[in-house]
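Structural overview for review
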Amino acid sequence: GLIFGLAKAVVSTQSTGELVGSNQSKYRVRNLEEVKFHPGKLLQAIVQIYINLMEEEAFVAAIPRDGRSYHSKLFEETAGKLRKLYVPEEIVSDLLKVSQLAERAVTSQEDEEALTDRAPNHFLDPILGTLMSEPVLLPSSNVIVDRPVIAKHLLSDPIDPFNRQPLNMSDVVPQDELRDEINVWKIKQLEDIYRERDSEGD
């Protein structure tokens, strides 16, 4: 689930940064066999976690959020270290695919933040303040929220958070017109955002 993805990404990114970054000298030991510590094998194990979970969106999205250890060159440094360890090129290639996915996640997060900053209030979920993707109406309180947000809330507390009345997901009413309005607005705003970024790069 989401917590698993976040935990794995944070632990793996920090560990990888330690093993291949500027702090790697901390792990130099005179007799590695004596202490049974093998940084190369540990690095390969961590890399395999990345590869095994690279199709999990929550995991990939969590990688760049670890500001303590993540940076754009981390995967390139790791790939160089793996090649020195004579790790099969297939594994190195798969790791670099994870790198590409993480960079796309950075762009996606930046886009989402930019859209949220520009969005009118009635496009935002009132619970989290995020741009809604599937707006639904809560019938007893007459408040419109994002379906994923209220679904998560109801898993632990089956009541309307705005008036404390009993609520089930089967009670919510999809707001298709508002959803379509948001989607049309997003396309226009993303065009503007990309145009502005291109002009800044010139």
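Things to note about the overall build of the chain
Looking only at helices and strands, the chain has 8 helices and 3 strands in total. Going from the N terminus to the C terminus, the chain shows its helices and strands as α-α-α-α-α-α-β-β-α-β-α. Scored against the burial criterion, the 202 residues of the chain give a buried share of 35%. Of the roughly 12500 Å² that the chain leaves accessible, carbon and sulfur atoms contribute 52%.

Side note on unusual backbone geometry
What you tend to see is this: most non-glycine residues have negative phi, and most peptide bonds are trans. Notably, Tyr86 is not glycine yet its phi reads approximately 60°, a positive angle. For Tyr86, the position within the fold is in the loop between helix H5 (74–84) and helix H6 (89–118). With relative accessibility at 75%, the residue Tyr86 sits in the exposed group. A positive phi angle, close to 60°, is found at Asn142, a residue other than glycine. Mapped onto the elements of the fold, Asn142 is located in the loop between strand E1 (135–138) and strand E2 (143–146).

Concerning the pairing of E2
Judged from the 4 bridges that link them, E1 and E2 form a sheet pairing that is antiparallel. Directly across from Leu138, in E2, lies its bridge partner Val143. Following E1, the chain reverses through 4 residues before pairing antiparallel with E2; Asn142 in that reversal takes a positive phi of roughly 60°.

Digging into the pattern of salt bridges
Applying the stated criterion to the full structure yields 9 salt bridges. Residue Arg118 pairs with Glu196 through a salt bridge whose shortest N-O separation is 2.6 Å. With Arg118 in helix H6 and Glu196 in helix H8 (residues 176–201), the pair connects residues that are 78 residues apart, well separated along the chain. The class for Arg118 is partly exposed, based on a relative accessible area of 33%. Between Arg195 and Asp192 there is a salt bridge, with the nearest N and O atoms lying 2.8 Å from each other. Linking Arg195 with Asp192, this pair stays in helix H8, spanning 3 residues, or about one helical turn. Relative accessible area serves as the criterion here: at 16%, Asp192 is assigned to the buried category. What you see here is one network of salt bridges that share partners, running through Asp176, Arg179 and Asp180.

Observations concerning the side chain of Thr78
In this structure, Thr78 sits in helix H5. Thr78 gets classed as buried once you look at its relative accessible area, which sits at 1%. A distance of 2.8 Å separates a polar atom in the side chain of Thr78 from the backbone oxygen of Leu74.

Focus on the environment of Arg147
Take Arg147: it is sitting in helix H7 (residues 147–156). Residue class for Arg147 comes out partly exposed when judged on its relative accessible area of 25%. In the structure, Arg147 is positioned 12 residues away from Pro135 in sequence and 5.9 Å away in space, judged by C-alpha atoms.

Overview of the environment of Leu178
Within the fold, Leu178 resides in helix H8. With 43 residues separating them in the primary sequence, Leu178 and Pro135 have C-alpha atoms 7.0 Å apart. Among residues more than four places away in sequence, those in contact with Leu178 are His122, Phe123, Met132, Pro135 and Ile144.

Here's the deal with the nonpolar core
Formed by 20 residues in total, the largest nonpolar core has its most connected members in Tyr50, Ile63, Phe75 and Leu82. Of all the secondary-structure elements, those providing two or more residues to this core are helix H3 (39–52), helix H4 (57–62), H5 and H6. The next biggest cluster of nonpolar side chains, apart from the first, holds 11 residues, and it includes Ala114, Phe123, Leu131 and Ile193.

Quick word on the packing of aromatic side chains
Counted by the stated rule, this structure contains 2 aromatic pairs. Residues Phe123 and Trp185 carry aromatic rings whose centres are separated by 5.5 Å and whose planes lie at 75° to one another, so their mutual orientation is edge-to-face. Pair noted here: Phe123 is in the loop between H6 and E1 and Trp185 is in helix H8, with a separation of 62 residues, a long-range link. One exposure class covers both Phe123 and Trp185, and it is buried.

How each quantity is defined
- Residues numbered from 1 in each chain as written.
- Predicted model: local features only at pLDDT ≥ 70, side-chain atom pairs only at ≥ 80, totals over all residues.
- Heavy atoms only, no water.
- Helix = DSSP H or I, 4+ residues; strand = E, 2+ residues; numbered from the N terminus.
- Buried < 20%, exposed > 50% of the residue type's maximum accessible area, 1.4 Å probe, protein only.
- Areas by Shrake-Rupley, 256 points an atom, 1.4 Å probe, with all protein chains shown as cover.
- Pairing = 2+ DSSP bridges.
- Salt bridge = Lys/Arg side-chain N within 4 Å of Asp/Glu carboxyl O.
- Polar contact = N/O pair within 3.5 Å; in protein donor to acceptor, adjacent residues only side chain to side chain.
- Contact = heavy atoms within 4.5 Å.
- Core = buried A, V, L, I, M, F, W, Y, C linked by side-chain atoms within 4.5 Å.
- Phe/Tyr/Trp six-rings, centres within 6.5 Å; stacked < 30°, edge-to-face > 60°.

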